[in-house]
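Chain by chain, the residues:
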Amino acid sequence: DTACKNRPLDLVFIIDSSRSVRPEEFEKVKIFLAEMIDTLDVGERTTRVAVMNYASTVKVEFPLRTYFDRTSMKEAVSHIEPLAAGTMTGLAIQTAMDEVFTEEMGTRPTTFNIPKVVIVVTDGRPQDQVEDVAASARTAGVEIYAVGVDRADMQSLRLMASEPLDEHVFYVETYGVIEKLTSKFRETFCAVDMCAPGRHECDQICITSNGSYVCECYEGYSLNPDKKTCSAVDMCAPGRHDCAQVCLSKEGSYSCGCYEGYTLNADRKTCSAVDMCAPGRHDCAQVCLSKEGSYSCGCYEGYTLNADRKTCSAVDVCEPGRHECEQVCVRHDLSYICDCYQGYTLNPDKKTCSRVIMSSLLTREESCKCEALAALQDSVTSRLEALSTK
């Protein structure tokens, strides 16, 4: 394995494919890129690589977030085609700043202290103002290496490269020997791997930094004051989550929950009150009265809730205090009617009673009996008189 344990980099190659670069020369550049990739410790947590191709236009062949293994990366390099036309080196560097050195495209956050490095390979003179663009890039923390081939303008290379210039400007006579720069870059980027096992005291992530190292933590953890060990972040601390009711902390993450009587909505964040009176959710015999997150039972009219607070019994409407009858209450289904004791009659209000007045006059029945008796007596008297006559 020819790869060195170089410090982690966010490395962008910017290669010139203008008209002056012949096809066979461009193939030499691709070989140089492949050999450079072989020397790097490529990986998601180590060195990330992007390749840009430029002439009068700029093309991002692949950004930093695309490949994390050498095989896929070299395969992508082998399919790069030249663009021809002009040499807009300044535009290429500006495009790298705008479209490649962003977190969305795979550049790691500044807090990780990962160096941002650009290697420009060109054989001509820039046709735009590269000096100001390169100065802005360097001010933003980008380290620029300028590689000139054959007809490259050395003054332009020096204007775009970082200081010290003798360590950042390289020149080769032809594309045929560009591969010899691989060893120079290897010496530049390779160092003792301070993050090799046994060399560091980091609990989770070790990042080599200028001959030393710094410790970092996985997502969901934070570095302790000792700058070595990590503790799980309380993901349910205020401001860290977007749960509406309950936050359930997990290692490095969280999930949302709801209070009793609520259910989690499809967005997995907000909650809605459960219909506690839905069929199967309650044990009320007659009426279920939903409350926020709970319920209570009731009964239909004419029934009363039993001591178990669930079942109902028909109300005895003739119990004292439940009716308005003066004398007798007669239950009728879930209602009642009033009646009176013997010798009393129900008043028109259907509730109160009045005593029946016993008149001295004979009743109809008694009158009939008297009349029948009188008729009988008359009949007997007439017969007796008839017999006496005879």
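Residues numbered from 1 in each chain as written. Predicted model: local features only at pLDDT ≥ 70, side-chain atom pairs only at ≥ 80, totals over all residues. Heavy atoms only, no water.

Peer 1: Lay out the overall build of the chain with the relevant residues and their values.
Peer 2: In terms of helices and strands, the chain carries eight helices and 22 strands. Here the C-alpha atoms of the chain give a radius of gyration of 52 Å, more than 25% beyond the 21 Å that 2.2 N^0.38 yields for 390 residues. For the chain, the spread of C-alpha atoms along the three principal axes comes to 185 × 50 × 35 Å. By sequence separation, contacts in the chain at least 24 residues apart represent 51% of the contacts at least 6 residues apart. Summed over its atoms, the accessible surface of the chain is roughly 22,600 Å², and 49% of this surface lies on carbon and sulfur atoms. When the 41 basic and 59 acidic side-chain charges of the chain are each reduced to a single mean position, those positions are 3 Å apart. (Helix = DSSP H or I, 4+ residues; strand = E, 2+ residues; numbered from the N terminus. Rg over C-alpha atoms; globule rule 2.2 N^0.38 Å. Contact = heavy atoms within 4.5 Å. Areas by Shrake-Rupley, 256 points an atom, 1.4 Å probe, with all protein chains shown as cover. Lys, Arg positive; Asp, Glu negative; His and termini not counted. Charge placed at Lys NZ, Arg CZ, Asp CG, Glu CD.)

Peer 1: Quick rundown of unusual backbone geometry? Include the residues and the values.
Peer 2: In this model, Glu-163 is joined to Pro-164 through a cis peptide bond whose omega is -10°. For Asn-113, which is not a glycine, the phi torsion comes out positive at approximately 55°. Tracing the backbone shows Asn-113 in the loop between helix H3 (89-100) and strand S4 (116-122). The residue Lys-350 is not glycine, and still its phi comes out positive at about 60°. Along the chain, Lys-350 falls in the loop between strand S21 (344-346) and strand S22 (353-355).

Peer 1: Please set out the nonpolar core residue by residue, giving values where relevant.
Peer 2: Ile-119, Phe-185 and Phe-189 are the most contacted members of the largest nonpolar core, which totals 33 residues. Contributing elements (two or more residues each) for this core: strand S1 (10-16), helix H1 (23-39), strand S2 (48-54), helix H2 (70-78), S4, strand S5 (142-149), strand S6 (169-172) and helix H7 (181-189). Judged by nonpolar contacts, the second largest core, of 26 residues, contains Leu-64, Val-133, Ala-134 and Val-142. (Core = buried A, V, L, I, M, F, W, Y, C linked by side-chain atoms within 4.5 Å. Buried < 20%, exposed > 50% of the residue type's maximum accessible area, 1.4 Å probe, protein only.)

Peer 1: With reference to specific residues and values, describe the packing of aromatic side chains.
Peer 2: Under the definition given, this model contains six aromatic pairs. Centroid distance Tyr-145 to Phe-170: 6.4 Å. Interplanar angle 15°. Geometry classified as stacked. One end of the pair, Tyr-145, is in strand S5; the other, Phe-170, is in strand S6, and 25 residues separate them in sequence. Given a relative accessible area of 2%, Tyr-145 falls into the buried group. With relative accessibility at 10%, the residue Phe-170 sits in the buried group. (Phe/Tyr/Trp six-rings, centres within 6.5 Å; stacked < 30°, edge-to-face > 60°.)

Peer 1: Could you give an account of the pairing of S4, with specific residues and numbers?
Peer 2: Of all the seven residues making up S4, seven are buried; the element is thus mostly covered by neighbouring parts of the structure. Neither face of S4 is exposed, since Lys-116, Val-118, Val-120 and Thr-122 on one face and Val-117, Ile-119 and Val-121 on the opposite face are all buried. With six bridges connecting them, S1 and S4 associate as parallel partners. Bridge pairing links Leu-11 to Val-117 in S4. Inspection of the sheet shows S4 paired to S5 by seven bridges, in the parallel sense. In the sheet register, Val-118 faces S5, and the bridge partner there is Ile-144. Note that the unit made of S4, helix H4 (residues 130-139) and S5 has a crossover that is right-handed. (Pairing = 2+ DSSP bridges. Right-handed = clockwise from strand over helix to strand, strands pointing away.)

Peer 1: With reference to specific residues and values, describe the side chain of Asp-153.
Peer 2: Here Asp-153 is to be found in the loop between S5 and helix H5 (154-160). When near neighbours in sequence (up to four residues on either side) are disregarded, Asp-153 contacts Gly-124 and Arg-125.

Peer 1: Residue-level account of the UniProt feature "domain: VWFA" (unreviewed entry) in the chain, with values.
Peer 2: Under the UniProt annotation, "domain: VWFA" (unreviewed entry) lies at residues 10-185. In residues 10-185, the share of helix is 36% and the share of strand is 22%. The end C-alpha atoms are 15 Å apart. (UniProt positions renumbered as here; feature names shortened; annotations may be inferred.)

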